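Chain and residue survey
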Amino acid sequence: MEETPKVLRKIIHIDMDAFYASVEQRDNPDLRGKPIAVGGSPQGRGGVVATASYEARKFGVRSAMPSKRAIQLCPAIIFVKPRFEAYKEVSRQVRAIFERYTDIIEPLSLDEAYLDVTIDKQGIGSAIDIATAIKGAIRNELGLTASAGISINKFIAKIASDMHKPDGITFIGPSRIERFVSDLPVEKFHGVGKVTAEKMKNLGLHTGGDIKKLSEQELRKHFGKAGSFYYKIVRGIDNRPVEPEQETKSIGAEDTFPYDLTKLEEMELALEKITETVCRRLDKHNLKGKTITVKIKYSDFKIITRSKSFSDCLNDHNSILAAARELLEKTEPEGAKIRLLGITISNFPSLLSKGNGKCAPGQLNLF
Amino acid sequence: MKFIVSSSQLLKQLQHINGVINANTVLPILEDFLFEVDKNKLTVVATDLETVMRIQMDIEAKETGKVCIPARILMDSLKNIPDQPLTFNIDKNFSVEITSDNGKYKVMGENPDNFPKEPTADDTTSFTMTATALVTAINKTLFAVSNDDLRPAMTGVFFELNKDYLQCVATDAHRLVRYKRTDVSCPKADSFIVPRKPLNLLKSALPDNEDEITLSYNSNHLFVKHGTTQMSCRLIDARFPDYKVVIPSDNPYKMVVTKSDFQSALRRVSVFSNKSTNQVALNISGSELQLAAQDVDFSFEGNERMKCQYDGEDITIAFNARFLIEMLNAADSEEVRLELSTPTKAGIIKPTEMDDSEDVLMLVMPLMLNQ
Ligand SMILES: [Mg+2]
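Residues numbered from 1 in each chain as written. Chains lettered and ligands numbered in written order. Predicted model: local features only at pLDDT ≥ 70, side-chain atom pairs only at ≥ 80, totals over all residues.

**Examining the overall build of chain A**
When its secondary structure is counted, chain A shows 14 helices and twelve strands. Its C-alpha atoms give chain A a radius of gyration of 26 Å, more than 25% over the compact-globule value 21 Å for 367 residues. C-alpha extents for chain A along the principal axes are approximately 75 × 65 × 50 Å. By residue count, 34% of the 367 residues in chain A fall in the buried class. Taking all contacts inside chain A whose residues are at least 6 apart in sequence as the whole, residues at least 24 apart take part in 60%. (Helix = DSSP H or I, 4+ residues; strand = E, 2+ residues; numbered from the N terminus. Rg over C-alpha atoms; globule rule 2.2 N^0.38 Å. Buried ≥ 20, exposed ≤ 12 C-beta atoms within 10 Å, placed from the backbone. Contact = placed C-beta atoms within 7 Å.)

In structure tokens, the structure reads:
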């Protein structure tokens, strides 16, 4: 559906509460209600806490803390060896729940993801209700809790999910964003590490409101490229899309030659062989792409790439070979010493846009 | 080869066919116009392999010959040249030199033998209609065509031919438009599906007047001829859905409203709708129509009420406002009639008045109401 770009998005950030520790407590009743830490035990050298249960957090135990320190703070703490396969499995189950509600999912780690629910797949009616439904399904089906943040962009949604942990749900609507960001301490800003936070405080910048007083130029002077990001973010602007991971981004093949190629005919023959391999791989994945990239490595190991994009897909051997030849010829290869040639096809029309006939939830069909 | 042509006339003609050409095509020659000169006549052809358009114009030429000229650079230069005769000189290597009062411009052409051949008009059946009738038929149906490549039959307009009428139908599975003209007579009952792109091109290339145009078709192609402008396109090879069975024979509840008032109200209220559905609920009771939209997350709400004539039981039914607004555009009368039955069955929109030779019927499926 063509939508005007001005449409407000609805983004949910979901963060599982004390994920590894909660899975362990769920699977082992003996650990429930007790302070536990998943991670390296204090006996081993350099053991570190990966996740602490909420019971352990009361004593000040935190992620990334040395296990020796954790045991000082909380002598009763129980150390549990991580079972990453189990967490991956739960993460897949959580993702399956997300997929009921949206097709646009960007996982950040095993226990965190952004969801774009602007298109309301089930016709639930509101993003708050969708987040509530997801939390309910995670609780009822997986026996775990998650916290959700809901807003119109990723930045605010992520901060919101952290506001009422555990088992929280926080909605920050467009009218509240500017004030919310103004009051926000700089260390809460996503991407602001300890060093940057320190630098900001030395400049007298303690909250989003302080940053807002500076011009974009001043921010760029102090923080480089990130300065522009801060400038926008304190005004509640974050246009980064929720990006579902693409399964295959490109398919290609390359060939290193036993001796350097100097004649155009040799190079073209090589391209023809590489094209065959590329076509076979494309067929296998049933993909067609709009962009071709030719890679050339010279005898001095210098590498160049040349790309061209087309409005339609390069869909057969001949069109790929013709485009590859054209790109090669533009580098004036005759006489150059070429060690390696490669061809890559990318820019596959996304599956999402293929389904653009799919309409809004609740829309009834004639056929 | 050498010929002389008026810069403004050439530009005007090329603008009719330039839309056929796609940028960055896999076959570079598809970014060219094919120029054919024969006895003071210039024919120019543009193609994307699916749709071919050609124009013909008078020029001054002593020789005959052909050349392919890159379209983009030629259009860009013509747009900036003041009206004057231009001299084109093409040498053996297909190098094109254009001479104007202002100076000389050079561009490398291509060998015309590599330009794709046009489909031949074999075994065709023909009929005629006025340019305005075809343009109107396109305008009233094209907006409802589907974008869903997974259902190719619905990505074009279905032409249904009959001895006493021509009927054009378009649908995206959520709504449907059927536009009928009884002032067109076709040699036999037949049907074909024309893709979106050639119809869009025809819409802008044809004048909205009484000029006669000829349509010819065979099992694969449609050929349209208007004076010296011609188009051919590949037809969509798929079966159009059996739309007749989804047209309700009798929707008992009938509402009549002023079209422009209804459309404006929909535009204002839908600003506040949930953007994933554009849902506007219509609540009709007595002689009042209420429109309501909301987005719960953002606490948006839009409500309006307006007068209508209504014959039926009280009903609340929701539609995608964009669908309604677009369909109302295709009704030319001052008032429109909305015929309903239940909140989950198709609604019918009709203009209250029509020319004798025309008929429009539009169907739209509702949205399931939230809460
Ligand atoms: Mg977490």
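From this point on, the discussion continues.
**Quick notes on the interface of chain B and chain A**
Taken together, the contact pairs 34 residues of chain B with 32 residues of chain A. Tallied by class, residues from the side of chain B that touches chain A come to 15 nonpolar, 14 polar and five charged. (Nonpolar A, V, L, I, M, F, W, Y, C, P; charged D, E, K, R; others polar.)

**Brief notes about the packing of helix α5 (residues 259-270) of chain B against helix α6 (residues 321-329) of chain B**
All names here are of chain B. In contact at an axis separation of 10 Å, α5 and α6 are set at 155° when each is read in the N-to-C sense. Considering the angle they form, α5 stands roughly antiparallel to α6. The element α5 and its partner α6 pack so that their crossing is left-handed. Of α6, the residues touching α5 (which contributes Lys259, Phe262, Gln263, Leu266, Arg267 and Ser270) are Ala321, Leu324, Ile325 and Leu328. When grouped by side-chain class, the residues that make up the contact of α5 with α6 number six nonpolar, two polar and two charged. (Axes fitted to C-alpha atoms, helices over the stretch in contact; angles between N-to-C directions. Parallel < 35°, antiparallel > 145°, perpendicular 65-115°, else oblique. Left-handed = near helix turned anticlockwise from the far one by under 90°.)

**Some thoughts on the sheet that holds strand β10 (residues 289-298) of chain A**
Residues and elements named next belong to chain A. In space, the four strands of this open sheet follow the order β9-β12-β10-β11, with antiparallel pairing throughout. Edge positions in the sheet fall to β9 (250-261) and β11 (303-314), since each of these pairs with one other strand and no more. On average, adjacent strands in this sheet sit at an angle of 15° to one another, irrespective of strand direction. Alignment of β10 against β11, held across eight bridges, turns out to be antiparallel. Counted as the bridge partner of Thr293 is Ser307 from β11. On top of the sheet, helix α13 (residues 317-329) reaches β10, β11 and β12 (338-346); it is set at about 45° to β10, its chief contact. (Pairing = 2+ DSSP bridges.)

**Some thoughts on the UniProt feature "domain: DNA polymerase III beta sliding clamp N-terminal" (unreviewed entry) in chain B**
Annotation from UniProt places "domain: DNA polymerase III beta sliding clamp N-terminal" (unreviewed entry) at residues 1-117 of chain B. Each end of residues 1-117 of chain B is marked by a C-alpha atom, and these two atoms are 22 Å apart; helix forms 18% of the span and strand 44%. (UniProt positions renumbered as here; feature names shortened; annotations may be inferred.)

**Digging into the UniProt feature "site: Substrate discrimination" (unreviewed entry) in chain A**
All names here are of chain A. Mapped onto the present numbering, the UniProt feature "site: Substrate discrimination" (unreviewed entry) falls at Tyr20. Looking at the secondary structure, you find Tyr20 in helix α1 (residues 19-27). The contacts of Tyr20, once residues within four sequence positions are left out, are Val38, Ala50, Thr51, Pro82 and Tyr87.

**Comments concerning the nonpolar core**
Phe33, Val157, Leu202, Val280, Phe319, Met362 and Val364 of chain B are the most contacted members of the largest nonpolar core, which totals 101 residues. If you look at the next biggest cluster of nonpolar residues, it comprises 61 residues, including Ala18, Ile124, Ala131 and Val181 of chain A. (Core = buried A, V, L, I, M, F, W, Y, C linked by C-beta atoms within 7 Å.)

**Considerations on α6 of chain B**
Residue and element names in this part refer to chain B. Ala321, Phe323, Leu324 and Met327 are the residues of α6 that are buried. All buried residues of α6 project into a common sector of 160° when viewed along the axis, lining one side. Buried residues along α6 sit against β13 (175-181), α5, β19 (279-285), β23 (315-320), β25 (347-351) and β26 (358-364). (Arc of directions from axis to C-beta.)

**Looking at the UniProt feature "binding site: Mg(2+)" (unreviewed entry) in chain A**
Residue and element names in this part refer to chain A. Those places that UniProt annotates as "binding site: Mg(2+)" (unreviewed entry) correspond, in this numbering, to Asp15 and Asp111. The annotated residues occupy 97 residues of the chain but converge on a single region, no pair of C-alpha atoms lying more than 5.8 Å apart. Asp15 has contacts with Asp111, Glu112, Ala146, Ser147 and Ser161, leaving out every residue within four places of it along the chain. Residue placement: Asp111 occurs in the loop between β5 (105-109) and β6 (112-116). Setting aside residues no more than four positions away along its own chain, Asp111 makes contact with Asp15, Met16, Phe19 and Ser91.

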